[in-house]
Amino acid sequence: MRIQHFLINALAGYRIVRFIQIDTLFDRPREWLWHQLKTRRTRKLRKLLDCPWCLSVHVAALVYVADIHGGLVSEYTLNILALSSIVGFLAWLDHEHIS
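The notes below deal with the structure included here. These figures come from a predicted structure and were not determined experimentally.

As a further point, take helix 4 (residues 52–69). Over its 18 residues, helix 4 runs 25 Å from end to end, which matches the ideal 26 Å to within 8%, given 1.5 Å per residue. Regarding helix 4, the residues found buried are Leu-55, Val-59, Val-63 and Asp-67. For helix 4, the angular spread of the buried residues around the axis is 100°, confining them to a single face. When the buried face of helix 4 is taken as reference, the exposed residues oriented beyond 90 degrees from it are Val-57 and His-69. Structurally, helix 4 contributes buried residues whose contacts are with helix 1 (3–21), helix 3 (43–50) and helix 5 (71–98).

Okay, here's the thing in structure tokens:
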């Protein structure tokens, strides 16, 4: 794997994990899912979704498979997610500097 693919995949994976666990845009689906996963049998799945280290392993595997087998659409999607990670971070830095 070339370094640019590695970095794009890492940033895209980060963006997906952040979207699932933190972003407010996903609040309602996340709360609904949490409500659905309140039984004892789903405790491990809740832990998986709540733990960034745990979730990142599975997301990284999916991102890697998408990169290898996904074709052009997957490549564009991963690039957009990677750029979103970088732009979001820069916007956060700018906001922190101004505040």
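Along the chain, Gly-88 turns up in helix 5. The exposure class of Gly-88 is partly exposed, given its relative accessible area of 39%. Residues Gly-88 and Thr-39, spaced 49 residues apart in sequence, show a C-alpha to C-alpha distance of 35 Å.

Basis of the calculations
Residues numbered from 1 in each chain as written. Predicted model: local features only at pLDDT ≥ 70, side-chain atom pairs only at ≥ 80, totals over all residues. Heavy atoms only, no water. Helix = DSSP H or I, 4+ residues; strand = E, 2+ residues; numbered from the N terminus. Expected span 1.5 Å × (residues − 1). Buried < 20%, exposed > 50% of the residue type's maximum accessible area, 1.4 Å probe, protein only. Arc of directions from axis to C-beta. Contact = heavy atoms within 4.5 Å.

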